[in-house]
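Structural description and commentary
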Amino acid sequence: MCGIVGIANHPEASNLAYLCLYAQQHRGQESGGIVSSDGTTLYQHRAMGHISDIFTRDVIAKLPGHNAIGHVRYSTSGASTLKNAYPFVVNYSGGWLAVSHNGNLTNYRKLRKELEKEGSIFNASVDSEVVMHLVAKSREGTLEDKLIGALKKIKGSYCFVFISEDKMIAARDPKGIRPLALGELQVNGGGMAHVVVSETCALDLLGAKFIREVEPGEILIFDSCGMRSIKPFEKETKRAQCIFEYIYFARPDSNIFGRDVYTIRTGFGRQLAREHPVEADMVVPVPDSGVPAAIGYSEESGIPFQMALIRNHYVGRTFIEPKKEIRHFGVKVKLNPIRELLKGKRVVCIDDSIVRGTTSLKIVKMLKDAGAKEVHMRISSPPTSWPCFYGIDTPTREELIASSHTIEEIRKYIGADSLGYLSKEALYWFEKVNGNEWFCDACFTGDYPVDVDDAPEIMKLTKK
Ligand code: 5GP
Ligand code: SF4
Ligand code: MG
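Here is what the cut-offs are and how they apply
Residues numbered from 1 in each chain as written. Chains lettered and ligands numbered in written order. Predicted model: local features only at pLDDT ≥ 70, side-chain atom pairs only at ≥ 80, totals over all residues. Heavy atoms only, no water. Near = heavy atom within 4 Å. Polar contact = N/O pair within 3.5 Å; in protein donor to acceptor, adjacent residues only side chain to side chain. Areas by Shrake-Rupley, 256 points an atom, 1.4 Å probe, with all protein chains shown as cover. Helix = DSSP H or I, 4+ residues; strand = E, 2+ residues; numbered from the N terminus. Pairing = 2+ DSSP bridges. Axes fitted to C-alpha atoms, helices over the stretch in contact; angles between N-to-C directions. Phe/Tyr/Trp six-rings, centres within 6.5 Å; stacked < 30°, edge-to-face > 60°. Buried < 20%, exposed > 50% of the residue type's maximum accessible area, 1.4 Å probe, protein only. Lys NZ or Arg CZ within 6 Å of the ring centre and 35° of its normal.

1. Some remarks on the site of ligand 1
- Neighbouring residues of ligand 1: 16 residues in total, closest Asp351, Asp352, Arg356, Gly357 and Thr359.
- Tyr248 is positioned with one of its side-chain polar atoms (N or O) 2.7 Å from a nitrogen atom of ligand 1.
- Ser289 is positioned such that a nitrogen or oxygen atom in its side chain is 3.0 Å from an oxygen atom of ligand 1.
- Protein coverage of the free-state accessible area of ligand 1, which is 520 Å², stands at 94%.
- Mapped by element, the contributors of at least two residues to the shell around ligand 1 are α8 (243-249) and α13 (358-369).

2. Description of the sheet that holds strand β7 (residues 156-164)
- The strand order β5-β6-β7-β8-β12-β13 describes an open sheet built from six strands, whose pairing is antiparallel. The open sheet is flanked by β5 (88-92) and β13 (226-230), the only strands paired with a single partner. The mean angle between the axes of side-by-side strands here comes to 20 degrees, regardless of whether they run parallel or antiparallel.
- Of the strand pairs in this sheet, strand β6 (residues 95-105) and β7 are connected by nine bridges, and their pairing is antiparallel. Directly across from Leu105, in β7, lies its bridge partner Gly156.

3. Observations regarding unusual backbone geometry
- Looking along the chain, the bond that leaves Tyr86 and enters Pro87 is cis, with omega of -10 degrees.
- By the element assignment, Pro87 lies in the loop between β4 (67-73) and β5.
- A cis amide bond, omega -10 degrees, links Pro287 with the succeeding residue Asp288.
- Considering the arrangement of structural elements, one finds Asp288 in the loop between β17 (282-285) and α10 (291-301).
- Within the chain, Asn9 stands out as a residue other than glycine whose phi angle is a positive 60 degrees.
- Of note, Asn9 is situated in the loop between β1 (3-8) and α1 (13-23).

4. Some thoughts on the packing of aromatic side chains
- Applying the stated criterion across every chain, the model contains 19 aromatic pairs.
- Here Trp386 and Tyr448 contribute two aromatic rings whose centre-to-centre distance is 6.4 Å and whose plane-to-plane angle is 85 degrees, an arrangement assigned as edge-to-face. Here Tyr448 lies in the loop between α16 (442-445) and α17 (456-461) and Trp386 lies in the loop between β21 (374-379) and α14 (401-404), a separation of 62 residues in the sequence. Of the two residues, Trp386 and Tyr448, both sit in the buried class.
- Taken together through their ring pairs, the aromatic side chains of Tyr246, Phe257, Tyr428, Trp429, Phe430 and Phe439 make up a single cluster.
- The ring of Trp386 has Arg397 lying over it, and the distance from NZ or CZ to the ring centre is 3.8 Å.

This is the structure we're talking about:
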């Protein structure tokens, strides 16, 4: 999971890129960067940490030009170091080129081995580096031609924004696994700028108009003549949009894959109340990710909604902490129960997902220690039993509690009085016509829509 932005033809390009990264900070908190272009030179700044710490006024002033791209990173491929921070910049025979990538290539290792055999030297360990090598190797044609050649060799999920001295280019993979939105913004003094972002909440911050999604398999080229669209891939009939964007990743105020995330999330909660009703005194979300589903559960069941768990907003998401001891400690740092509310009460507690089970275990204990009489855990997605290879840093199959435990065993482990997950069918309540046809739900089903060449052992276990 990462957040990306591309700005074309605006005199304040790097400033706008900064704002878009700020709005998309939830998609990655490890590192951030911006590369801008004034038509002849690229300027770059990348660092570890949060956007507000990385970009000061002085830093942004050193990123001039009318085009810019940016990135917030959450590592999926490659270690968390500055060398692996994006945008990734190279100098090749055609000039300078930088890229931001959201997604994960599933034949990266294979391609890298082939390229190394032919003499390519790799600097970092991020998967987009192979794309840059493929572009650099192809001698023929324009930058667009070289890019098309490179994109035809890679597999997996990608939303890219590239920047060269005189162009900004956006591309989305043929199955549209990750989201990418296109917007436009009136420039003071005349002209129209274009904005490409992972999530529309970033367009809202700029006051830019959301035009449409970048289509799966579409490449958009922005230069001094404006915007052009090309679709060089054979037409894919089936999309594989990531259903987890709706469950957890995207901000609820974004429009993703053509729908409002908040509406879908509250709908998951309503479905959950129908599938797993229970007598209780209050519905309590695990903030923030469980809030919209808890509102839906409360509306449908008529059980009052209470914010009986309060989140400290100055703590990063605990999921990415590397050591088990820290993760256990992390839940307490992040959440605190309101004892007066909970004492002697029957609680329905709503979270969006159980990954390892550590969070739910701590939360049930926290609610009970605070005096709750019963805790009924309800999860607004199906059991997560398969790892993601398309840009989400899920643990290995062994670490996913649902891959080796029944629901009753998970209930016992987390110490809840009852446990209910949303069914796979109810997940698609919003899509009456196509059902799951247009979505990837491999982390629940093991039906991987794009082959994972780099993990043959997993592909053997799946239904493909
Ligand atoms: P667990 O403790 O079961 O491993 O984690 C479950 C919690 O992690 C849930 O509250 C859910 O909101 C959150 N979560 C699910 N997927 C992700 C993810 O990809 N990244 C982060 N940071 N948190 C996640
Ligand atoms: Fe999204 Fe899950 Fe598919 Fe990964 S496996 S792309 S998280 S739906
Ligand atoms: Mg959560």
